[in-house]
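Residue-level structure breakdown
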Amino acid sequence: VPHFNVALCAGNGVFSDVESVLTMRPFDRRFIRSELGIRHNELALVSVEGNSMEPILRSRDTTLLDRRANEVHSDGIHAIRLDGALMLKILQRLPGRVLRASSANSEYAPFDIDLSDESVRDFCVLGRVRWGALTFN
């Protein structure tokens, strides 16, 4: 599975630029196909930066994204691009075409993204977190 250097990526090409792949990481085929039900080319590894998802995920942890999940069908941790920033947030569907984006860390206030608002031009769900590797201090 490719481990992307998303800090150097911008725009829609986040998971397609070969130059942005740090390394390839091996995963057990049965885990990917049977347990997760995903093909390996629909996955991306990305590193966590910052403390907004603590205590669930910490800076330097690694997450495995299901890139097929470019829409929010169920609540969970998703990678998003909003106004050029790449973030991991807990997304929750609200009535209408509204998503609530929350952090695990209570120091960060949740915010809503109204998908019917035409002024929200730079928003994209990049994938849903399906697995994480934790870094212990």
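Please refer to the structure placed before this passage.
The structure reproduced in this document is the subject of the present report.

Scoring rules and cut-offs
Residues numbered from 1 in each chain as written. Predicted model: local features only at pLDDT ≥ 70, side-chain atom pairs only at ≥ 80, totals over all residues. Heavy atoms only, no water. Helix = DSSP H or I, 4+ residues; strand = E, 2+ residues; numbered from the N terminus. Buried < 20%, exposed > 50% of the residue type's maximum accessible area, 1.4 Å probe, protein only. Lys, Arg positive; Asp, Glu negative; His and termini not counted. Salt bridge = Lys/Arg side-chain N within 4 Å of Asp/Glu carboxyl O. Contact = heavy atoms within 4.5 Å. Polar contact = N/O pair within 3.5 Å; in protein donor to acceptor, adjacent residues only side chain to side chain.

Turning to the side chain of Asp-61, a few remarks are in order. Checked against the element boundaries, Asp-61 lands in the loop between strand S3 (43–47) and strand S4 (62–66). For the buried residue Asp-61, which engages in no salt bridge, the nearest side chain bearing the opposite charge is Arg-58, 5.9 Å off. Residues in contact with Asp-61, not counting those within four places in the same chain, are Val-46, Ser-47, Val-48, Ile-56, Ala-133, Leu-134 and Thr-135.

Below, the discussion takes up the environment of Met-87. The residue Met-87 is located in strand S6 (residues 85–94) in this model. By relative accessible area, Met-87 is classed as partly exposed at 21%. Each C-alpha atom, one on Met-87 and one on Ser-52, is 9.2 Å from the other, the two residues being 35 residues apart in sequence. If we ignore the near neighbours within four places in the chain, the residues touching Met-87 are His-78, Ala-79, Ile-80, Leu-82 and Phe-111.

A few words now on the side chain of Ser-103. Assignment of secondary structure puts Ser-103 in the loop between strand S7 (98–102) and strand S8 (111–114). A polar atom in the side chain of Ser-103 sits 2.6 Å from the side chain of Lys-89. When residues no more than four places from it in sequence are discounted, the contact partners of Ser-103 are Ser-52, Met-53, Lys-89, Ile-90 and Tyr-108.

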